[in-house]
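# Structural overview
The lines below spell out each chain.
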Amino acid sequence: MPGLIAKHKKGFFILFLFILLFWLVTVQVKNGRFSFMEKPVLAVAGFFERIVTGTVNSVASIGNRYVFLMRTVRENERLKEEVDRLRLENAVMNELLTENERLRDTLNFRRLNPLSSVVAQVIGKEMSPTSSTITINKGSSNGIEKDMAVITPSGVVGRVQTVLPALSKVLLLTDPGSTLAVRVQRNREEGLLEGKLVNCALKYVSYYADMQQGDLLVTSGLDGIYPKGLPVATIVRVTKREASAFQTVVAEPVVRFARLEEVLVYKK
Amino acid sequence: MKFGFYVIFFLLIIPFQASLLNPLSIAGIKPDLALTLLYFIGLLTGPLEAALVGMSMGLLLDIGSASLIGLTGFTRGLVGLSASLLGRKVLDITSPSNGIFLAVFSLAEGICITLFLQLFYGDLPIFSLVVGRFLPQALYTGLLCVVLLRFIAGKNVLSALKRPAMQEEL
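Here, residues in each chain are numbered from 1, in the same order as that chain's written sequence. Lettering of chains starts at A and numbering of ligands starts at 1, both following the order in which they are written. Local features are withheld for residues below a pLDDT of 70 in this predicted model, meaning they are given only at 70 or higher, and side-chain atom pairs are given and counted only at 80 or more; totals for whole chains, interfaces and linings count all residues.

### Considerations on the overall build of chain B
- A helix here means a DSSP run of H or I that spans at least four residues, while a strand means a run of E at least two residues long, and both kinds are numbered starting from the N terminus. Helix and strand counts for chain B come out as eight helices and zero strands.
- Residues are treated as contacting if the C-beta atoms built from their backbones sit within 7 Å of each other. A separation threshold of at least 6 residues defines the contact pool for chain B, and within that pool the share at least 24 residues apart is 68%.

Written out as structure tokens, the structure is:
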């Protein structure tokens, strides 16, 4: 046996490393993900991402500025930001209206405080094939903290996972580690939305709950992270099996993550 | 020189993968530059070095993203090792057939990841993941590999780098 090990020293070393990695993964499945070395790696990667994104954007903007007048571009950017804010307010107002209709007999109209948010640019997307994250160019120096909600005017994007002074990592809804308390806008049924990499699944939905394809899921506000009433996902498939007490509900996020350029970080 | 190359490689691989390839994204799918470079490293070096580079790269990607630390390290280690073993058989490293091999490796890694995640989290949309995400990415990555090989084939870059480490290990 010692002779065999000595003969295939390198092979056994590689095998040992693979076993070690597998063990590392299983430990995290049981005890939660390690955040070992996360901030230094994000800091270094973020530094270069800023350079790369900055360079790519600069080259693109030179082309733009030749085609369009500089003032028009600036005006356009300002208006786009304003439209985004107004769309967000509109989305929240629509939800408020629905709620008010339901509660009109009580005459207690609720007023939402205007959402306080920071606009951030997406500078990196999905580095690993096993997760769904983005990197944004705002961090703790802009008032961003861990677990703040990240949204767009269309709906929820995810939540802040790691914060550095000048950038943050955002866990998208579709990441397998992401969970979010939601309810069906139509009938107020509640559920827990989990990321499944390409889409999301609503967990622990009773066999008898009324779920239909096309139903819009909105945040319930119960998780203390996301403000209530923001659009999250649309149900695309509902499967019921006689043998199971639960139904399988698959949902597609309303936000198209592939096209994300700017996001709003909702400050609590 | 080799140490310096790896330092630069590991420093730049995450930002390049996360930022530079975004303009090439089609419907959210972009080629895996990190895997492509790992494949080349695998072809040019011995199994131990390729596996270590793959594991280190995977660990970096895991730490830099939100995945379970070690999962991509495991799969990338396998890819590096396999590419290195394949490298012993490949006569012409600049052949476009490497694009096919890389696409197969990429798809195999995707399936491996899907099975792992299914094992750990359960209830994954396996068909959608493989057909909707990993297969297109594998084809796109294979295409990137062919384009890169076409680009560098005439410049003798690969043969200049070729295989002191591999001979040492063999």
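### A look at the overall build of chain A
- For chain A, the count of helices and strands is four helices and twelve strands.
- In terms of principal-axis extent, the alpha carbons of chain A reach across some 85 × 65 × 30 Å.
- Partitioning the intrachain contacts of chain A with sequence separation of at least 6 by distance along the chain shows that 56% fall at a separation of at least 24.

### Quick word on the pairing of strand E8 (residues 200-206) of chain A
Residues and elements named next belong to chain A.
- Judged from the four bridges that link them, strand E7 (residues 190-195) and E8 form a sheet pairing that is antiparallel. Along E8, the bridge assignment pairs glycine 195 with cysteine 200.
- The rule for pairing is simple: two strands pair if DSSP sees at least two bridges between them. What sits between E7 and E8 in their antiparallel hairpin is a turn of four residues, with leucine 197 showing a positive phi close to 70°.
- In this sheet, strand E11 (residues 246-253) lies alongside E8 in antiparallel orientation, the contact comprising five bridges. By the bridge assignment, cysteine 200 is partnered in E11 with alanine 251.

### Here we look at the domain arrangement of chain A
Residue and element names in this part refer to chain A.
- The domain architecture assigned to chain A consists of domain 1 (38-173 + 257-266) and domain 2 (179-253).
- The partner domain 2 presents 14 residues to the 16 residues of domain 1 that form the contact.
- When residues of the side of domain 1 that touches domain 2 are assigned to their parent elements, the largest contribution, four residues, is made by helix H4 (residues 70-102). Here the limits of each domain have been adopted from an automatic or database domain assignment.

### Quick word on the sheet that holds E8 of chain A
Residue and element names in this part refer to chain A.
- Overall, antiparallel pairing links the six strands, which are arranged E6-E7-E8-E11-E10-E9 in a closed barrel. Neighbour-to-neighbour, the strand axes of the sheet open up by a mean angle of 40°, direction not taken into account.
- In terms of strand pairing, strand E6 (residues 179-184) meets strand E9 (residues 216-219) through three bridges, oriented antiparallel. Along E9, the bridge assignment pairs valine 182 with threonine 219. Structural elements are reduced to axes, namely lines fitted to C-alpha atoms, with helices fitted over the stretch in contact, and the angle between N-to-C directions of any two is expressed from 0 to 180 degrees.

### Regarding the interface of chain B and chain A
- Counting residues at the interface gives 47 residues for chain B, matched by 47 residues for chain A.
- Of all the elements in the fold, those that place two or more residues in the side of chain B that touches chain A are helix H1 (2-20), helix H3 (47-64), helix H4 (71-87), helix H5 (97-120) and helix H6 (126-153) of chain B.
- For this scheme, ten residues count as nonpolar: Ala, Val, Leu, Ile, Met, Phe, Trp, Tyr, Cys and Pro. Four count as charged, namely Asp, Glu, Lys and Arg, and the remainder, Gly too, count as polar. Among the residues making up the side of chain B that touches chain A, the classes are represented as 29 nonpolar, 15 polar and three charged.

### Observations regarding the nonpolar core
- A set of buried residues qualifies as a nonpolar core if it consists of Ala, Val, Leu, Ile, Met, Phe, Trp, Tyr and Cys joined through C-beta atoms within 7 Å. Labels follow a simple rule on C-beta atoms placed from the backbone: if 20 or more others lie within 10 Å of a residue's own, it is buried; if 12 or fewer, it is exposed; otherwise it is partly exposed. Judged by nonpolar contacts, the single largest core of 52 residues is most densely connected at Leu38, Tyr39, Met57, Leu60 and Ala83 of chain B.
- Those elements that place two or more of their residues in this core are helix H2 (9-31) and helix H3 (38-67) of chain A together with H1, helix H2 (33-44), H3, H4, H5 and H6 of chain B.
- A total of ten residues in this core trace back to one element, the largest contributor, which is H3 of chain B.
- Counting residues in each nonpolar core, the second largest holds 48 residues, with Val182, Val205, Leu230 and Tyr266 of chain A among its members.

### Remarks on the environment of threonine 234 of chain A
Residues and elements named next belong to chain A.
- Locating threonine 234 in the fold gives a position in strand E10 (residues 231-240).
- In this structure, the C-alpha to C-alpha distance between threonine 234 and aspartate 215, residues 19 residues apart in sequence, is 5.7 Å.
- Here threonine 234 is in contact with Gly214, Leu216, Ala251, Glu252 and Val254, once residues within four sequence places are set aside.

### Thoughts on the packing of H2 of chain A against H3 of chain B
- Where H2 of chain A contacts H3 of chain B, the two axes come as close as 10 Å, and the packing angle between them is 15°. Between H2 of chain A and H3 of chain B, the angle is such that the two are roughly parallel. Note on packing geometry: the crossing formed by H2 of chain A with H3 of chain B is left-handed. Residue-level contacts link Lys10, Ile14, Leu17 and Leu21 of chain A of H2 of chain A to Pro47, Leu48, Ala51 and Met55 of chain B of H3 of chain B.
- Per-class residue counts for the contact of H2 of chain A with H3 of chain B are seven nonpolar, no polar and one charged. For classification purposes, angles smaller than 35 degrees are called roughly parallel, those larger than 145 roughly antiparallel, those between 65 and 115 roughly perpendicular, and all remaining angles oblique. If you view the pair so one helix is near and one far, a crossing is left-handed when the near helix is turned anticlockwise from the far one by less than a right angle, and right-handed when it is turned clockwise.

### With respect to the sheet that holds strand E3 (residues 149-152) of chain A
Residues and elements named next belong to chain A.
- In spatial order, the strands read E1-E2-E5-E4-E3-E12; together these six strands close into a barrel with antiparallel pairing. Going across the sheet, the axis of each strand differs from the next one's by a mean of 45°, ignoring polarity.
- Direction of pairing for E3 relative to strand E12 (residues 262-266): antiparallel, over a ladder of three bridges. Note on E12: the bridge partner recorded for isoleucine 151 is leucine 264.

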